[in-house]
Amino acid sequence: MIEVSAPGKLYIAGEYAVVEPGNPAIIIAVDQFVTVKLTKGQNNGSIKSAQFSNYPVYFRRENDALVLDKRDNPFHYILAAIDMVENYAKEQHKVLELFHLQIESGLDNGHGTKYGLGSSGAVTVATAEALCQFYDLPYNKMILFKLAALAHLSIQNNGSCGDVAASIYGGWIAFSTFDQAWVKAQTKKLTLTELLEIPWPNLAIESLTPPEDLKLLIGWTGSPASTANLVDQVQKSEQKDAYQNFLKESNLCVKEMIAAFNNNDLGLFKDKIGKNRELLNELSQLSKVNIETDILNRLVKIADDNGGAAKSSGAGGGDCGIAIFSTTDPIDNVLAQWEKNQISYLPLKVYEKK
């Protein structure tokens, strides 16, 4: 049996701007995982997940194509990852086989409600890596990122794939997305293997070391949000000049955060968390998208009132908020006030990949 786990993620800064090539974001991997277990199949293959009551979707092969017995399936990202890796396998002259996939997720509350920790990115990564091992394919972190990114974008074409990068690289990363139009054009000119081996314009993934005295708190609002829909709404904004200014200011803000990390300067980093929040609130006003909901606003205010710096995480509209403190700051009052305001503290840690 092959078993692969991929961690979830949280955005710390640079949301929305990161979907445009060359604009950085800071993202962390968290110590909750999607796990894929793969065993070889004989007469058929299957995919099942505890999130969907472990009811299996069976498949067979017809001329190397994967044919599902159940068409209205919930496994779009998994199937996209299978398709992408098996195209790579065929180019590497591998014989396609049947297999069984068992998916287990710790990225929800146990009842199927997601925390906004990037479960679709994590399951895409874990599936892709499990199949690379199953077919004994040559891969490294960058090749795995590209395979998973191509699979992910075939389902959600307006994302940055930062969650994919966080699941693969782990820890704290600075991430800038690639030129999707260029990649799409190359798919018509190059083999998949060739596309995996060449640099992609604007793509940058850099590991970061946070200030030694940084303490990160994560609060969940209990309300899930759709990243794809929120990004769509922001990108439809007609105030193009204001949007371009947001991109410019976000780019500068996140680069100053990265400099704060490099200089072990927690104070500067906290200042820029506040600045990034202001930029997102300005974006919310110009796009008419509710990024910082009332409960996220309460999460931020409680943290700020207790000496921290806080903001929404990811697309906002619900899901999680993050708060930055010093390791010497008392946080009991923050957690108590969050609880009174129906904000669940998630005791997650940053997951460093070995």
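Heads up: the structure comes first, above all this text.
The rules behind these values
Residues numbered from 1 in each chain as written. Predicted model: local features only at pLDDT ≥ 70, side-chain atom pairs only at ≥ 80, totals over all residues. Heavy atoms only, no water. Disulfide = S-S within 2.5 Å. Pairing = 2+ DSSP bridges. Helix = DSSP H or I, 4+ residues; strand = E, 2+ residues; numbered from the N terminus. Contact = heavy atoms within 4.5 Å. Axes fitted to C-alpha atoms, helices over the stretch in contact; angles between N-to-C directions. Core = buried A, V, L, I, M, F, W, Y, C linked by side-chain atoms within 4.5 Å. Buried < 20%, exposed > 50% of the residue type's maximum accessible area, 1.4 Å probe, protein only. Parallel < 35°, antiparallel > 145°, perpendicular 65-115°, else oblique. Left-handed = near helix turned anticlockwise from the far one by under 90°. Nonpolar A, V, L, I, M, F, W, Y, C, P; charged D, E, K, R; others polar. 1 Å grid on protein atoms, 1.4 Å probe; cavity = no way out; pocket = protein on both sides within 12 Å on 5 of 7 lines; lining within 4 Å. Points joined across faces, edges and corners; volume = space filled by probe spheres on them. Expected span 1.5 Å × (residues − 1). Arc of directions from axis to C-beta.

Draft legend 1. Representation of the state of the cysteines. Throughout the structure, instances matching the rule amount to 0 disulfides. With no disulfide partner, C132 has as its closest neighbouring cysteine sulfur the one in C161, 16 Å distant.

Draft legend 2. Up close: the sheet that holds strand β11 (residues 320-326). Reading across the sheet, the 4 strands line up as β10-β11-β9-β12 and stay open at both edges, with antiparallel pairing between neighbours. In this open sheet, the two edge strands, each paired with only one partner strand, are β10 (309-312) and β12 (344-345). With 7 bridges connecting them, strand β9 (residues 214-220) and β11 associate as antiparallel partners. Along β11, the bridge assignment pairs G219 with G321. Against the sheet, helix α10 (residues 294-305) contacts β9, β10 and β11, and its axis sits at roughly 170° relative to β10. This element, helix α11 (residues 332-340), spans β9, β11 and β12 of the sheet and lies at about 10° to β9.

Draft legend 3. Seen up close, the nonpolar core. Core analysis: the biggest nonpolar cluster contains 110 residues, and Y16, F145 and F269 have the highest contact counts within it. Counting 13 residues, the second-largest nonpolar core is a separate cluster that includes L217, I295, A310 and V334.

Draft legend 4. Inspection of the packing of helix α2 (residues 119-134) against helix α4 (residues 162-169) at higher detail. Look at α2 against α4: their axes get within 8 Å of each other, and the N-to-C directions meet at 55°. Classified by the angle their axes make, α2 and α4 are oblique. The chirality of how α2 crosses α4 is right-handed. Taken together, the residues of α4 that come into contact with α2 (itself represented by S120, G121, A122 and V125) are D163, V164, S167 and I168. Each residue belonging to the contact of α2 with α4 can be placed in one class, and the counts come to 4 nonpolar, 3 polar and 1 charged.

Draft legend 5. Structural view of the layout of surface pockets. Volume-wise, the second largest pocket comes out at about 400 Å³. Together, 15 residues line the second largest pocket, and L150, L153, V183, K184 and T187 are the ones closest to its centre. Looking at the lining of the second largest pocket, the elements with two or more residues in it are α3 (141-155), α5 (180-186) and α6 (192-197). Top contributing element to the lining of the second largest pocket by residue count: α5, with 4 residues. Here the residues of the lining of the second largest pocket sort into 9 nonpolar, 5 polar and 1 charged.

Draft legend 6. Structural view of α10. The first and last C-alpha atoms of α10 sit 16 Å apart over 12 residues, in line with the 16 Å expected at 1.5 Å per residue. The set of residues buried in α10 consists of I295, L296, L299, V300, I302 and A303. The buried residues of α10 occupy an angular sector of 165° when projected down its axis, which confines them to one face. Facing away from the buried side of α10, by more than 90 degrees, are the exposed residues D294 and D305.

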